[in-house]
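The lines below spell out each chain.
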Amino acid sequence: MKAAIFQGKGKIEVQEVSDPVIQKPDDAIVRITHSCICGSDLWYYRGLSPRKAGSRIGHESMGIVEAVGTEVKSARVGDLVVMPFFISDGTCPECLAGMPAACRNRMSWGDAGVDGGQGERVRVPLANGTLFVIPKDKVTDRMMPALLPLSDVLCTGHHAAVCAEVKQGSTVVVVGDGAVGLCAVAASKRLGASRIFLVSTHEDRAAIGRKFGATDIVAERGDDAVEQIRKATDNLGVDSALECVGTAESWNTAFGVVRAGGNIGAVGVPHEVPDIPIVKFFWFNIGVKGGPAPVAHYIPELMPDVLSGKLDVSAIFTKTVPLSDIAEGYKAMDERKEIKVLVKP
Ligand SMILES: [Zn+2]
């Protein structure tokens, strides 16, 4: 079978690898039907975070179960499944507490001995906690791009909103117009936010944000964005600031726009960020919460709304490539020509 392999900065190759086989009784084998490239894949692609050359890649995927070990109860052969970006057991105290992203037996796709989702097939370890069946009778091929984001970005955007306590009538600022930020807009709308500012200087991304529920586009960055949002809210700021980038500038914007007593939900993987300004956090009663999304915890809640069509973020996929051309997909996302690239083996 074929799979995408990281070969060093800026270099993705599709190579022949051996077919996966069941190694443990709770393993499953899934034939990938759809996968995609994540913004976080770009960090190692750009040489900004370490990754071993020769490693399998891809952590957002869905497919059809081809084989299961004797202890797998979560899915059967032939089932359509989606898999969270972390592999988790679903049974440890952290998983039972609703935080599978901190599972005691957590693994990442593409780790040593673990397959990556950007390929034709994967072995799924801990299948009982990691496979989520999508009812095939309710799904058409056209709906697949709306379901695939359940593996990561849709749940991550939702997590930002949950951490920032978005609820009916909330005012919200989403910092970041990438796939996660756009999903955070859709998630905020779903939770009942009445006003959603999207900080976006790209007209094409802003247009998708509007479609997902953004009421105000702030085409400024940094202090200018903060000033505009402050002005629009009678200098109060907003109930919830959703930080979906992970840089010093995006954190400063989030702290700049959140009102006294409001909350910041942070899901951008932090890179070179400053310390949390404790003084501001304390004197303005600001709540700060965030981290990797507990995807396995959110899928059961979000999937019904995706199946009903109420929650459709498929517009984040602006390009589709066959697995053989995946390098082209990475390049297009690296150059910010595409928001998110879907890969079909
Ligand atoms: Zn666990």
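It should be noted that the structure appears before, not after, this text.
A brief report on the enclosed structure follows. (Residues numbered from 1 in each chain as written. Predicted model: local features only at pLDDT ≥ 70, side-chain atom pairs only at ≥ 80, totals over all residues. Heavy atoms only, no water.)

### Things to note about the pairing of strand β12 (residues 195–199)
Here is step 1 of the chain: Among the 5 residues of β12, 4 are classified as buried, and the element is accordingly described as predominantly covered.
Here is step 2 of the chain: Taken together, strand β11 (residues 171–175), helix α6 (residues 179–190) and β12 constitute a β-α-β crossover, and its handedness is right-handed.
Here is step 3 of the chain: Alignment of β12 against strand β13 (residues 216–218), held across 3 bridges, turns out to be parallel. Bridge pairing in β13 links F197 to D216.
Here is step 4 of the chain: Considered for its hand, the β-α-β crossover made up of β12, helix α7 (residues 203–212) and β13 is right-handed. (Buried < 20%, exposed > 50% of the residue type's maximum accessible area, 1.4 Å probe, protein only. Helix = DSSP H or I, 4+ residues; strand = E, 2+ residues; numbered from the N terminus. Right-handed = clockwise from strand over helix to strand, strands pointing away. Pairing = 2+ DSSP bridges.)

### A closer look at the packing of aromatic side chains
Here is step 1 of the chain: Scanning the entire structure with this criterion turns up 5 aromatic pairs.
Here is step 2 of the chain: Between F85 and F86 the ring centres are 4.8 Å apart and the planes differ by 50°, which places this aromatic pair in the tilted class.
Here is step 3 of the chain: Residue classification places F86 among the buried positions, given a relative accessible area of 14%.
Here is step 4 of the chain: Positioned over the ring face of Y44 is R51, at 4.7 Å from the centre of the ring.
Here is step 5 of the chain: Cation over ring: R106 sits above F86, and NZ or CZ is 4.0 Å from the ring centre. (Phe/Tyr/Trp six-rings, centres within 6.5 Å; stacked < 30°, edge-to-face > 60°. Lys NZ or Arg CZ within 6 Å of the ring centre and 35° of its normal.)

### Brief notes about the pattern of salt bridges
Here is step 1 of the chain: All told, the structure shown has 21 salt bridges when counted by the stated rule.
Here is step 2 of the chain: A salt bridge links K319 to E328; the shortest N-O distance between them is 3.5 Å.
Here is step 3 of the chain: Several salt bridges share partner residues, and in doing so they unite R190, E301, D305 and K310 into one network. (Salt bridge = Lys/Arg side-chain N within 4 Å of Asp/Glu carboxyl O.)

### Some thoughts on a nonpolar patch on the surface
Here is step 1 of the chain: A cluster of nonpolar side chains, namely I276, I278, V279, F281, F282, W283 and F284, defines an oily patch on the protein surface of about 780 Å² accessible area.
Here is step 2 of the chain: With respect to the helices and strands, I276 occurs in the loop between β15 (258–266) and α10 (278–283).
Here is step 3 of the chain: Classification of I276 as partly exposed rests on a relative accessible area of 37%. (Patch = residues over 30% accessible without salt bridge, like charges linked within 9 Å, V, L, I, M, F, W, Y side chains within 5 Å. Areas by Shrake-Rupley, 256 points an atom, 1.4 Å probe, with all protein chains shown as cover.)

### Notes on helix α5 (residues 153–163)
Here is step 1 of the chain: Burial analysis of α5 places 10 of its 11 residues in the buried class, which makes it a mostly covered element.
Here is step 2 of the chain: The secondary structure elements touched by the buried residues of α5 are α6, β14 (238–243), β15, β16 (287–290), α11 (295–307) and β18 (340–344).
Here is step 3 of the chain: Downstream of α5 by a residue or two, E165 has a phi angle that is positive, lying close to 55°. (Contact = heavy atoms within 4.5 Å.)

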